[in-house]
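Geometric and topological summary
The primary structure of each chain is shown beneath.
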Amino acid sequence: MLKPKVEKILNEQIQKEGYSSFLYLSMASWSESKGMAGVAQWLYAQAEEEKMHMLKIIDFINERGGKAIIPAIDKTPEDWKDIFVLFDEVLAHEKYISESINDVVALTVKENDFATQNWVQWFVTEQIEEESSVQAIIDKLNLVGKNNLYVFDRDIMNLRTDV
Ligand code: OFO
């Protein structure tokens, strides 16, 4: 049985993963409307992953005898100055999510909930991977620069989102 505080923080995490999914959907739509099909494809896939993270938490809460709450999602931004700003925001958001996963881990330790602590390690690993894959994209973006966005957009199509 989940302890109330753990159930609460996991429900908050559902909201954050849902927001992440919608944020990346909004970014994907913006990129598509600017003609960057490769970036849009990467972001649409990322949005799907975030939805999967949300479902994973819903499933876990219910399986452990709690009640997962389907949250309202705040309105996401819909415009970015350019693709550089957009990816900086992706990285900042992933760092924020990593912090939030760390808070979940810390609470499970405090509450002696080792089952949840063990389960949430998957998210700890996932966040390391996500931060590093976004950082790799930013590095590439800086390398190709403003004048070669066509090349960047074509190359990003070949990147997997789950590495
Ligand atoms: Fe859910 O991993 Fe990104 O935010």
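That block above? That's the structure.
Now for a quick tour of the structure. (Residues numbered from 1 in each chain as written. Predicted model: local features only at pLDDT ≥ 70, side-chain atom pairs only at ≥ 80, totals over all residues. Heavy atoms only, no water.)

Regarding the packing of aromatic side chains
- Counted under the stated rule, the structure contains 6 aromatic pairs.
- Where Trp 122 meets Phe 123, the ring centres are 5.0 Å apart and the plane angle is 80°; that geometry is what we call edge-to-face.
- Positioned over the ring face of Trp 122 is Lys 56, at 4.2 Å from the centre of the ring. (Phe/Tyr/Trp six-rings, centres within 6.5 Å; stacked < 30°, edge-to-face > 60°. Lys NZ or Arg CZ within 6 Å of the ring centre and 35° of its normal.)

Quick look at the pattern of salt bridges
- Under the criterion given, the structure shown has 6 salt bridges.
- Note that Lys 8 is salt-bridged to Glu 12, the shortest N-O span being 2.9 Å. One end of the pair, Lys 8, and the other, Glu 12, are both in helix α1 (residues 4-33), 4 residues apart, so they sit about a helical turn from each other.
- On the basis of relative accessible area, Glu 12 is assigned to the partly exposed category, the value being 34%.
- Here Lys 81 and Asp 82 are joined by a salt bridge, their closest N and O atoms 3.6 Å apart. (Salt bridge = Lys/Arg side-chain N within 4 Å of Asp/Glu carboxyl O. Helix = DSSP H or I, 4+ residues; strand = E, 2+ residues; numbered from the N terminus. Buried < 20%, exposed > 50% of the residue type's maximum accessible area, 1.4 Å probe, protein only.)

Section: helix α5 (residues 149-156)
- Within the sequence span of α5, burial applies to Phe 152, Asp 153, Asp 155 and Ile 156. Along the long axis of α5, the arc covered by the buried residues comes to 165°, so they all point the same way. (Arc of directions from axis to C-beta.)

Some thoughts on helix α2 (residues 37-63)
- With 27 residues, α2 extends 39 Å between its outermost C-alpha atoms, agreeing within 8% with the 39 Å of an ideal straight helix rising 1.5 Å per residue.
- Positive backbone phi, approximately 85°, marks Gly 65, located one or two places after α2. (Expected span 1.5 Å × (residues − 1).)

Things to note about unusual backbone geometry
- A positive phi angle, near 55°, is found at Asn 112, a position not held by glycine.
- Looking at the secondary structure, you find Asn 112 in the loop between α3 (83-110) and α4 (114-144).
- Its relative accessible area of 53% is what places Asn 112 among the exposed residues.

Quick word on the packing of α2 against α3
- Where α2 meets α3, the axes come as close as 13 Å, and the angle between the chain directions of the two elements is 20°. When the axes of α2 and α3 are compared, the pair comes out roughly parallel. Like other packed secondary-structure pairs, α2 and α3 cross with a definite hand, here left-handed. Of the residues in α3, those in contact with Val 39, Trp 42, Leu 43 and Glu 50 of α2 are Ile 83, Leu 86, Phe 87, Val 90 and Glu 94.
- The residue makeup of the contact of α2 with α3, split by class, is 7 nonpolar, no polar and 2 charged. (Axes fitted to C-alpha atoms, helices over the stretch in contact; angles between N-to-C directions. Parallel < 35°, antiparallel > 145°, perpendicular 65-115°, else oblique. Left-handed = near helix turned anticlockwise from the far one by under 90°. Contact = heavy atoms within 4.5 Å. Nonpolar A, V, L, I, M, F, W, Y, C, P; charged D, E, K, R; others polar.)

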